[in-house]
Amino acid sequence: MSYSLKIVVLVDNEPGPQLFGEWGLSIYAKKKDVKILFDADTNPAILDHNAKKLRVDLSKLDFAVLSHYHYDHSDGFKLVGEINPGLPIYVPPGPSYQLEEMGLKPVVVEKTIEVSKGVYVVGPLEAWENFYEIALAIKLDDRGLVLLVGCSHPGVDKIALKAREDLGTNIYHVIGGFHKPSKRILDNLAKIAMYISPSHCTGNTAKNYLSRKYPEKYREVRTGTVIEY
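None of the values given here were measured: they were computed from a predicted structure.

Topic: the overall build of the chain
- Looking only at helices and strands, the chain has seven helices and 13 strands in total.
- At 16 Å, the chain has a C-alpha radius of gyration in line with the 17 Å of a compact globule built from 229 residues.
- Overall, the chain is about 45 × 40 × 35 Å in size when its C-alpha atoms are taken along their principal axes.
- Taking all 229 residues of the chain together, the buried fraction comes to 58%.
- When contacts within the chain are restricted to residue pairs at least 6 apart in sequence, those whose partners lie at least 24 apart make up 58%.
- Of the accessible surface of the chain, which amounts to about 10000 Å², a share of 48% is contributed by carbon and sulfur atoms.

Considering the environment of Tyr172
- Mapping Tyr172 onto the fold places it in strand S11 (residues 171–177).
- Exposure remark for Tyr172: the relative accessible area of 13% places this residue in the buried category.
- Considered as a pair, Tyr172 and Ile46 are 126 residues apart in the sequence and their alpha carbons are 30 Å apart.
- Those residues in contact with Tyr172, other than ones at most four positions away along the chain, are Leu140, Arg143, Gly144, Leu145, Met194, Tyr195 and Tyr229.

The rules we used
- Residues numbered from 1 in each chain as written.
- Predicted model: local features only at pLDDT ≥ 70, side-chain atom pairs only at ≥ 80, totals over all residues.
- Heavy atoms only, no water.
- Helix = DSSP H or I, 4+ residues; strand = E, 2+ residues; numbered from the N terminus.
- Rg over C-alpha atoms; globule rule 2.2 N^0.38 Å.
- Buried < 20%, exposed > 50% of the residue type's maximum accessible area, 1.4 Å probe, protein only.
- Contact = heavy atoms within 4.5 Å.
- Areas by Shrake-Rupley, 256 points an atom, 1.4 Å probe, with all protein chains shown as cover.

Have a look at this one:
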């Protein structure tokens, strides 16, 4: 079966069979021949183990994206820098030298940009003073955007709205951490996105709310989840 986009959840809080879960997030995306790593979890050893089990070769990446400067999204990039030195990594404004010290080549994102055909970095959005977050949006020609989010500190609904407004395309699927969102935020997101897959820092209260109120939109993900569009 052919696909235009493949998403693999390498690390999430919830483990999968023969895989390790921990507090963190890392998602691999492949659009045609372009291979992307979105965030890199907390522990290089766990990222390495899960990637090998899931047959994702981190030495073959074309670029990476760091959503924000928190250890549970950034520390696994130590592994990536060792096996793929000089890899470009798109980052929000902040201490990008941390990624240089890991052997990567940070590219600071100042506005929503297309980084590869049909692949966009959205943001940056300010969560609080001088703390920013970015997201990764990948266009499915016939359906809209698949939006990967890290922790959604600015609000997952605000990130989704910005992606839709900046790129002029509807939101097909949102995947990632929502940071214990309120019901209002989740209701807003449900108005924007066709499908919703909360993970990492979202919390069970929000997951249960979404699965009960929006069963037609809710799609469970965890470590090892593979989605082909």
